[in-house]
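What follows is the residue order along each chain.
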Amino acid sequence: MDTYQSPSQEIIRSLRNIANKLRILSIKATNAAKSGHPTSCTSIAELISVLFFHTMRYKVSNPRDASSDRFVLSKGHAAPILYAAWCEAGLFSQDHLMTLRKIDSELEGHPVPRQVFTDVGTGSLGQGLSCACGMAYMGKHIDKASYRVFCLLGDGESAEGAVWEAMSFASFYKLDNLVAIFDVNRLGQSQPTALQHKMDVYRQRAEAFGWNAIVIDGHDVEAVCRAFHEAEITTGKPTCLLAKTFKGRGIIGVEDNDGFHGKALGDKAEPAIAHLEKLIKGPVYYHNPRPVIEDAPLLKQTEVKLSEPPNYTLGQKLPIRNAYGTALAKLGTSCDRVVALDGDMKNSTFSITFMNAHPDRFIECFIAEQNMVGVAVGCATRGRAIPFVSTFAAFLCRASDQIRMAAVSQSSVNFVGSHVGCSIGEDGASQMALEDMAMFRALPGSVVFYPSDAVACERAVELAANYPGITFTRATRPDSAVIYANDEPFAIGKAKVVRQSEDDHVLVIAAGVTLDEAMKAANHLELEGIHVRILDPFTVKPIDKAGIVANAKAANGKVVVVEDHYYEGGLGEAVFSAIVECGFRVRHLAVPRVPQSGPCAALLEMFGISAGCIIKTVKELVGQ
């Protein structure tokens, strides 16, 4: 074990001075903004001082350098002190720091990736450590590089279960390049935290999850330096620094007192600053960050393609989820940046196909979907990976906030949900995703793929890998017939007409299992002289407005939308948004209530989305 050498007294004094300067800047910035969280900043001043000016390896000239250490401020409301640290490091001026929370400034109330020094958006508490786990996993197990990851959490957010999902993940994968720092300042927003300053309880919990736990006085600079050194030389397990601190540290009349959370100091700022200035003894020496170890692999930023085209036979029947696994394995062959994550559902989602082909890039996250999403976001930072996250689509809903924050983080993560709709059958309502498209459609910049056969699914996965943002692919469970040739081209926002004639009476828009039902209905109706045009949207977002309008006009302006989803937020509403001003006659078939167990065909009939229900609706519409 390396022998620890305490920093010189000059360095210790300088780091104390920097901590108090960071406090002053945080107070000034929040006062200029007339809002913010200065007391949450002052409790972590020594921790930030030691991290940025003694411990971390990074480049001020390139904050997102591939080989640099990563820092995640999970307690995102303490953003002003993060900004102050980068200001003091020389990234921007103090004048710019005073633009905190202004509409024309990137220094927002919480960290966001439009800041060149921020990898993930934080502030929805309890999520930062999962993202840090993804970064650390990439560094240790895939990049095999020297960069380390530091994540600073508040004690209040440790009540979130996702934090402990991340703690479990990090110890299981022996992420000794990860350091979690808990700012145990005792006070929450509206009252003291559950554990307050019971440091032994925090330590016991961290150790129980397999971490190297170190309890320190978070305001003792030398103790903080020693703890970070111990973390650096600890192998085989991550380190958790449990820092006992005081909220509002250094602010007379505010320190360790309730009632000051989230408030600029106002007229208390001037005496607070005067007091802190007196604590700065001697000159402030700034030391350049430790040199970066340049060993992160160089990445090829090229278009990602399937290693070989789809290989199916027209009419062949297979679940679309099978094609997802096949496509993902092909992508992994052609691009070493593709990684797959699953939540112990790999033999149902068929991500197991990728695992078997590329086991070194498959991350089993177990049944912890919230953490899984955060890990994927972390993997994607700095362009290190193209992550695909899969589980039952219903269980992705459990991680809706993490997915929302992935969008806030401008992250490129691809989600794939299997077992969608009531068509999954006997498993029952708890396993049926019927609100998944609504959730993903609501995300800014997202793409929602709804492939209707295996060929379309493989191409959707390929397109998703190249899309700079959030994607969701809805992969059905029942067998679906292959309707496209293997060389059929696909594009985001472009629908496919899969059946048409010169004299179509109605346009039916359907996808997945309901496309199969629409084809059955069309075959039956043709025998009665009613011609049905069928459109496969391929992407529900963006919806092909031009294609829908043109084909609806060709079918007498009569449209039926049928989907295995609740009425709210799915394919129907996407279509309605495209044709709202067209004056078409429209009918919408969707699942009207919470479903139940039963055979697939019986459930489609019971909930009004079967071929028989389509036939009835088309006849009613044609007769009007």
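Procedures and definitions
Residues numbered from 1 in each chain as written. Predicted model: local features only at pLDDT ≥ 70, side-chain atom pairs only at ≥ 80, totals over all residues. Heavy atoms only, no water. Helix = DSSP H or I, 4+ residues; strand = E, 2+ residues; numbered from the N terminus. Rg over C-alpha atoms; globule rule 2.2 N^0.38 Å. Buried < 20%, exposed > 50% of the residue type's maximum accessible area, 1.4 Å probe, protein only. Contact = heavy atoms within 4.5 Å. Areas by Shrake-Rupley, 256 points an atom, 1.4 Å probe, with all protein chains shown as cover. Lys, Arg positive; Asp, Glu negative; His and termini not counted. Charge placed at Lys NZ, Arg CZ, Asp CG, Glu CD. Phe/Tyr/Trp six-rings, centres within 6.5 Å; stacked < 30°, edge-to-face > 60°. Lys NZ or Arg CZ within 6 Å of the ring centre and 35° of its normal. UniProt positions renumbered as here; feature names shortened; annotations may be inferred. Polar contact = N/O pair within 3.5 Å; in protein donor to acceptor, adjacent residues only side chain to side chain.

## Quick notes on the overall build of the chain
Line of reasoning, step 1. Across its full length, the chain carries 23 helices and 19 strands.
Line of reasoning, step 2. Taken over the C-alpha trace, the chain has a radius of gyration of 28 Å; the compact-globule value for 624 residues is 25 Å, and the two agree within 12%.
Line of reasoning, step 3. Expressed as lengths along the three principal axes of its C-alpha atoms, the size of the chain is roughly 95 × 50 × 40 Å.
Line of reasoning, step 4. Residues classed as buried in the chain amount to 61% of the 624 residues present.
Line of reasoning, step 5. Expressed as a percentage of contacts within the chain between residues at least 6 apart in sequence, the contacts between residues at least 24 apart total 79%.
Line of reasoning, step 6. With an accessible surface of roughly 23000 Å², the chain has 50% of that area assigned to carbon and sulfur atoms.
Line of reasoning, step 7. Averaged over its 62 positive side-chain charges, the chain has a centre that lies 4 Å from the centre of its 68 negative ones.

## Topic: the packing of aromatic side chains
Line of reasoning, step 1. For the coordinates displayed, the defined rule picks out 20 aromatic pairs.
Line of reasoning, step 2. Relative to tyrosine 173, the ring of tyrosine 137 lies with its centre 5.2 Å away and its plane at 85°, an arrangement referred to as edge-to-face. You can see tyrosine 137 sitting in helix H6 (residues 128-142) and its partner tyrosine 173 sitting in the loop between helix H7 (161-172) and strand E3 (178-184), a full 36 residues away along the chain.
Line of reasoning, step 3. Ring centres of tyrosine 484 and phenylalanine 490 lie 5.0 Å apart, and the angle between their planes is 85°; this geometry places the pair in the edge-to-face category.
Line of reasoning, step 4. By relative accessible area, tyrosine 484 is classed as buried at 5%.
Line of reasoning, step 5. Taken together through their ring pairs, the aromatic side chains of Phe52, Tyr58, Phe71, Tyr83, Trp86, Phe92 and Phe117 make up a single cluster.
Line of reasoning, step 6. Directly above the aromatic system of tyrosine 147 lies the positively charged group of arginine 70, at a separation of 3.6 Å from the ring centroid.
Line of reasoning, step 7. Sitting over the ring of phenylalanine 490, lysine 496 keeps its end group 4.9 Å from the ring centre.

## A look at the UniProt feature "domain: Transketolase-like pyrimidine-binding" (unreviewed entry) in the chain
Line of reasoning, step 1. Taking the UniProt record as the reference, the feature "domain: Transketolase-like pyrimidine-binding" (unreviewed entry) is found at residues 318-479.
Line of reasoning, step 2. From the first C-alpha to the last, residues 318-479 spans 4 Å; its make-up is 42% helix and 19% strand.

## As for the environment of aspartate 504
Line of reasoning, step 1. Here aspartate 504 is to be found in the loop between strand E14 (496-499) and strand E15 (506-510).
Line of reasoning, step 2. It is 23 Å that separates the C-alpha atoms of aspartate 504 and alanine 481, two residues lying 23 residues apart in sequence.
Line of reasoning, step 3. Of note is the side chain of aspartate 504, whose polar atom sits 2.6 Å from the side chain of serine 501.
Line of reasoning, step 4. Of the polar contacts made by the side chain of aspartate 504, one reaches the side chain of arginine 533; its length is 2.8 Å.

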